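Structural description and commentary
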Amino acid sequence: MLTAIMDAIQGFGVSSTHYLQTNYQDAQGLFLWVSWAADLRNTFFIFFPLWFHLRASVGIKLIWVAVIGDWLNLVFKWILFGERPYWWVHDAAYYANTVAPHIEQYPMTCETGPGSPSGHAMGAAGVYYTLVTSILAITTSKKKYGSKKSTNKEWYLKAILWTLFWAVQVCVCLSRVFIAAHFPHQVIAGVISGMIVAEAFNKTQWIYSASMKKYFYTTLFLTSFAVGFYVLLKALGVDLLWTLEKAQKWCVRAEWVHLDTTPFASLLRNMGTLFGLGLGLHSPLYTETKKSSSTLVKTGCIISSLVLLHLFDSFKPPTHTAALFYLLSFCKSATVPLVTVSIIPYCVNGALSLQNKKGV
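My aim in this report is to walk through the structure given alongside it, one point at a time.

Calculation rules
Residues numbered from 1 in each chain as written. Predicted model: local features only at pLDDT ≥ 70, side-chain atom pairs only at ≥ 80, totals over all residues. Heavy atoms only, no water. Axes fitted to C-alpha atoms, helices over the stretch in contact; angles between N-to-C directions. Helix = DSSP H or I, 4+ residues; strand = E, 2+ residues; numbered from the N terminus. Parallel < 35°, antiparallel > 145°, perpendicular 65-115°, else oblique. Left-handed = near helix turned anticlockwise from the far one by under 90°. Contact = heavy atoms within 4.5 Å. Nonpolar A, V, L, I, M, F, W, Y, C, P; charged D, E, K, R; others polar. Phe/Tyr/Trp six-rings, centres within 6.5 Å; stacked < 30°, edge-to-face > 60°. Buried < 20%, exposed > 50% of the residue type's maximum accessible area, 1.4 Å probe, protein only. Patch = residues over 30% accessible without salt bridge, like charges linked within 9 Å, V, L, I, M, F, W, Y side chains within 5 Å. Areas by Shrake-Rupley, 256 points an atom, 1.4 Å probe, with all protein chains shown as cover. Salt bridge = Lys/Arg side-chain N within 4 Å of Asp/Glu carboxyl O.

**Comments concerning the packing of helix H3 (residues 40-54) against helix H4 (residues 56-80)**
At a minimum axis separation of 6 Å, H3 and H4 run at an interaxial angle of 160 degrees. As the angle between them shows, H3 and H4 are arranged roughly antiparallel. Handedness of the crossing formed by H3 with H4: left-handed. Residues Leu40, Thr43, Phe44, Phe47, Phe48, Trp51, Phe52 and Leu54 of H3 form the contact with H4, whose own contacting residues are Ala56, Val58, Gly59, Ile60, Leu62, Ile63, Ala66, Val67 and Asp70. Class assignment of the residues belonging to the contact of H3 with H4 gives a composition of 14 nonpolar, two polar and one charged.

And the structure:
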């Protein structure tokens, strides 16, 4: 009974993908760009450095929401065993007595992990929910009490921001369905899950004063739990890498199956980011420069961070050895917040101080 229900839901999902690909083929470029933009990598390389230097608390919360949300997404995927449209349409007995709809594949289609809930939808919902609520909290704290004009402006700002939020979510969901990476119910589950995680961190205060020890033990616990869960299920005869075989079998081009979309690549990328944030926040360099709040310093830090991280992102760990790839992915991810939080501000402050001395 449950199998029949899921087949019907997933059959509707494949029909939705076929409909979008058939009727909105001209929007292919937009859908592919949206999928690229919704990747959490852009949170770490763009949103985090931008917001950390504007308001450190927002940057810190963004990292926690992204990392914990993606970690939960990994655990959910291992529990729910979600299929993906691009392989299910070929594998399913649902189409045994009929012709299956033709589904196109794209370079971002062939992700290798289970499909439910959607990581892109969950990540985008969590990150943008955090941004919207943080901006509203900042503007609310600055408003003049008792001012009707201020209240009206606040209402307009809320309407604009939440409209943008839902517009982004709709675009991300349609994009993931269009490229056949997810079924509609998976992206909806991702959006709901992401909003819940972000709202939970809106009520969490200890992350802003967490010690290095807490960062270390949190990283260790999350990594150990995920690996332990994987080992336990494998001991029970459950193969959690079953999706990799599906991807390799049904992806139309072997080079579209990327190792960096495997569950362990995601896990180590996120754990590296969280650990690197802890290192950066407790670095002597950050302690020395965090009191600098001039507009010039902030602008210099933002521009330097975005440029250097863009260049750094061009480094791709070699994929011929899985263990080496995972190790380098962890190190690369840890370097991003470490450089953003401590090294770049220290260098910018030093350069500006030197310039001021020369001017004198």
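**A short note on the packing of aromatic side chains**
Overall, the coordinates contain 34 aromatic pairs when judged by the stated rule. Their ring planes at 80 degrees and their centres at 5.0 Å tell us that Phe165 and Trp166 sit as a pair that is edge-to-face. Using a relative accessible area of 42% as the deciding quantity, one classes Trp166 as partly exposed. Plain terms: the ring middles of Phe221 and Phe225 are 6.0 Å apart, the flat faces sit at 45 degrees to each other, and that makes the pair tilted. Note that Phe221 and Phe225 are positioned in helix H9 (residues 212-235) at a spacing of four residues, about one turn of the helix. By way of ring pairs, the aromatic residues Trp71, Trp78, Phe221, Phe225, Phe229, Tyr230, Phe264, Phe325 and Tyr326 are connected into one cluster.

**Remarks on a nonpolar patch on the surface**
A cluster of nonpolar residues, Trp155, Tyr156, Ile160 and Leu164, forms a patch on the protein surface that exposes about 490 Å² of accessible area. Residue position: Trp155 is located in helix H7 (residues 148-178). Taking relative accessible area as the criterion, Trp155 reaches 56% and is therefore assigned exposed.

**Some words on the environment of Tyr215**
When you line up the elements, Tyr215 lands in helix H9. Spatially, the C-alpha atom of Tyr215 lies 9.9 Å from that of Met271, the residues being 56 residues apart in sequence. With residues up to four places along the chain from it excluded, the contact list for Tyr215 reads Ile60, Trp64, Ile207, Ala210, Leu274, Leu277, Gly278, Leu281 and His282.

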